[in-house]
Amino acid sequence: MNPQQVVEAYGVRLRPFAAGDIADLVEGCADPLSQRFVSSMPAPYTEVDAHWWVEAGAPAVWAGGGAAYAIADPATDRLLGGAGLSNPVPGRSQAEIGYWVRPVARGRGVATAATRALSEHAFANGTVRLELLTNPANGPSQRVALAAGFHYEGSRRSAGSGRDGGRHDLLTWVRLADDPPGPTARLLPDLPDGVLTDQVVALRRLTPDDAEMMYGLHSRPEVVANQAPPVPPTRESIERRCRLAESAWLTGDIARLLIVDVATGEPAGSCGLSYTEVSSGEGSIGYALLPGWRGRGYATRAVRLLAGWAFGPAGFARLTAGTVPENTASHRVLERVGFQREALQRGRLPGLAGARLDDLTFALLPGEVR
């Protein structure tokens, strides 16, 4: 590609970096969010670094077969961020795409527009496959990937490095030259307005701030006893579960939700929904309540709300819930929503010390929700 060529599409301009971008470069690249997720940026980022990038860094990217564009506002030519191509593999007609956006330009679709514009420009110039790598904790970047038509392909273990010298996984998103235009359809769409509620309980996506409550809930002996295997979670595993809840939702792995009491705003428990078989539209749900909220119908309300969303916007065709045969309280919750006992699978689940546990399965179809 020509390093002097300007690309203008989707409301953004991609052009070479210029001396007039220095102040905005410093502001954007020194921002804590940019520093957190773009470990290749110098820290702290100074005017010296910005001058080096404009005068030497970006030209070196072009000379190496990549691309380094400034994202600019077409009306003012003011710098909004950066987008580029790196790690070209000519033999595969493949490259990696990346971007960053100044704080003032976030939430305006700038990253998505630039990614779409640069992707199409790359495809028009012979690229066949583009990879976009995201930190699992960077939900906004994953949303950009989906909005720009990239498909989740998997996780590269320990492919990323942090400023502390540690390693972390990177999620791989891919778009091909012949993929259809437009956003990528998601297995698990967002909740309408971010919440499901019947005005008594509300369900919202789990967040990192919920880790303490979740650890307390899922460490309780009676909750542990009803999972397979019945082993208490570590605090680290719960913190990771909450930190990556948005990512797990966006990749279609699982929708994890907090159950909240509407009147007080207090957390009452948690629930989740995941696919057991995408091709047939079958999903599985689970739930748990804190002791103070049990016996008040909150689990029933939560499961009913989750089932309604699953059969509606999420497009599931069938839901199942597996329980240990002794968990009669959970059986009553499921039956009140309309689930029917379907099968006892002997020794299906792992227990302790090599033991096996039976699994009593309940199932629900769209027309059966009570």
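Structure first, text after, so check above.
For clarity, every value in this text was computed on a predicted model and none was experimentally measured.

Colleague: How should I be thinking about unusual backbone geometry in this particular structure?
Modeller: Only a minority of non-glycine residues have a phi that is not negative, and only a minority of peptide bonds are not trans. The omega torsion of the bond from Ala-43 to Pro-44 falls at 0°, within 30 degrees of zero and hence cis. Among the structural elements, Pro-44 can be located in the loop between helix H2 (32-37) and helix H3 (47-63). For the bond from Ala-228 to Pro-229, the omega torsion is -10°, close enough to zero to count as cis. Position of Pro-229 relative to the elements: it lies in the loop between helix H7 (221-224) and helix H8 (235-243). With a phi close to 45°, Asn-87 is a non-glycine residue in the positive phi region. The topology assignment puts Asn-87 in strand E4 (residues 79-89). One non-glycine residue, Ala-353, lies in the positive phi region at around 55°. Note that Ala-353 resides in the loop between strand E15 (340-350) and strand E16 (356-364).

Colleague: I tried to follow the environment of Asp-21 on my own but got confused; where do I start?
Modeller: Along the chain, the position of Asp-21 falls in the loop between strand E2 (12-15) and helix H1 (22-29). Along the backbone, Asp-21 and Leu-217 are 196 residues apart, and their C-alpha atoms lie at a distance of 50 Å.

Colleague: In this structure, what is going on with the side chain of Asn-135? I would like to understand it.
Modeller: Within the secondary structure, Asn-135 is located in the loop between strand E6 (129-134) and helix H5 (139-147). Asn-135 sits in the buried class, given a relative accessible area of 18%. Beyond its immediate stretch of four places on either side in the chain, Asn-135 contacts Phe-37, Gln-142, His-168 and Leu-170.

Colleague: Would you mind showing me how to read the environment of Leu-130 here?
Modeller: Looking at the secondary structure, you find Leu-130 in strand E6. Relative accessible area serves as the criterion here: at 0%, Leu-130 is assigned to the buried category. Residues Leu-130 and Phe-150, spaced 20 residues apart in sequence, show a C-alpha to C-alpha distance of 8.6 Å. Those residues in contact with Leu-130 that sit more than four places away from it in its chain are Leu-85, Ala-95, Ser-119, Ala-122, Phe-123, Phe-150, Trp-173, Val-174 and Arg-175.

Colleague: Where do I start with the sheet that holds strand E5 (residues 94-101) in this structure?
Modeller: In space, the eight strands of this open sheet follow the order E1-E2-E3-E4-E5-E6-E8-E7, with mixed pairing throughout. Because the sheet does not close on itself, it has two edges, and the strands there are strand E1 (7-9) and strand E7 (151-161). The average angle at which neighbouring strand axes cross in this sheet is 25°, direction not considered. Helix-sheet contacts for H3 involve strand E3 (67-72) and E4, and the interaxial angle to E3 is about 125°. Lying over the sheet, H5 contacts E5, E6 and strand E8 (167-176), oriented at roughly 15° with respect to E8.

Colleague: Is there a simple way to think about helix H10 (residues 298-311) in this case?
Modeller: Because an α-helix packs 3.6 residues into every turn, residues spaced three or four apart end up facing the same way. If you check H10, its first and last C-alpha atoms are 20 Å apart, about what 14 residues at 1.5 Å a residue would give, namely 20 Å. Most of H10 is tucked away: eleven of the 14 residues are buried.

Colleague: How do you make sense of the environment of Pro-267 when you look at a structure like this?
Modeller: When you line up the elements, Pro-267 lands in strand E12 (residues 267-277). Measuring from C-alpha to C-alpha, the distance between Pro-267 and Asn-226 comes to 20 Å, with 41 residues separating the pair along the chain. Those residues in contact with Pro-267 that sit more than four places away from it in its chain are Met-213, Leu-258, Ile-259, Val-260, Leu-290 and Trp-293.

Colleague: Explanation requested: the sheet that holds strand E10 (residues 201-205) in the structure shown.
Modeller: Strands belonging to one sheet form pairs held by backbone hydrogen bonds; the direction of such a pair is parallel or antiparallel. Taken in spatial order, the eight strands line up as E9-E10-E11-E12-E13-E14-E16-E15 in an open sheet, and their pairing is mixed. Each edge of the open sheet is held by one strand with a lone partner, namely strand E9 (196-197) and E15. Pairing geometry for strand E14 (residues 318-323) and E16, over five bridges, is antiparallel. By the bridge assignment, Ala-321 is partnered in E16 with Phe-362. Each of strand E11 (255-261), E12 and strand E13 (282-289) touches helix H6 (residues 211-218); the most contacted strand, E12, lies at about 80° to it. Along the sheet, helix H11 (residues 328-337) makes contact with E13, E14, E15 and E16, crossing E16 at roughly 15°.

Colleague: Any chance you could explain the pairing of E2 here in plain terms?
Modeller: Looking along a regular strand, one sees side chains alternate from face to face of the sheet. Residues of E2 alternate between two faces, with Val-12 and Leu-14 on one and Arg-13 and Arg-15 on the opposite face, all of them buried. Linking E1 to E2, which pair antiparallel, is a turn of two residues; within it Tyr-10 sits at a positive phi near 55°. As defined by bridge partners, E2 adjoins E3 across three bridges and the pair is classed as antiparallel. The residue bridging Arg-13 from the neighbouring strand is Ala-72, located in E3.

Colleague: Looking at this structure, how should I read empty space enclosed by the protein?
Modeller: Scanning the entire structure with this criterion turns up one cavity of 30 Å³ or more. If you go around the largest cavity, the residues you meet are Arg-116, Glu-120, Ala-147, Ala-148, Gly-149, Arg-175, Pro-181, Gly-182 and Pro-183. A class-by-class count of the residues in the lining of the largest cavity yields four nonpolar, two polar and three charged.

Cut-offs used in this document
- Residues numbered from 1 in each chain as written.
- Predicted model: local features only at pLDDT ≥ 70, side-chain atom pairs only at ≥ 80, totals over all residues.
- Heavy atoms only, no water.
- Helix = DSSP H or I, 4+ residues; strand = E, 2+ residues; numbered from the N terminus.
- Buried < 20%, exposed > 50% of the residue type's maximum accessible area, 1.4 Å probe, protein only.
- Contact = heavy atoms within 4.5 Å.
- Pairing = 2+ DSSP bridges.
- Axes fitted to C-alpha atoms, helices over the stretch in contact; angles between N-to-C directions.
- Expected span 1.5 Å × (residues − 1).
- 1 Å grid on protein atoms, 1.4 Å probe; cavity = no way out; pocket = protein on both sides within 12 Å on 5 of 7 lines; lining within 4 Å.
- Points joined across faces, edges and corners; volume = space filled by probe spheres on them.
- Nonpolar A, V, L, I, M, F, W, Y, C, P; charged D, E, K, R; others polar.

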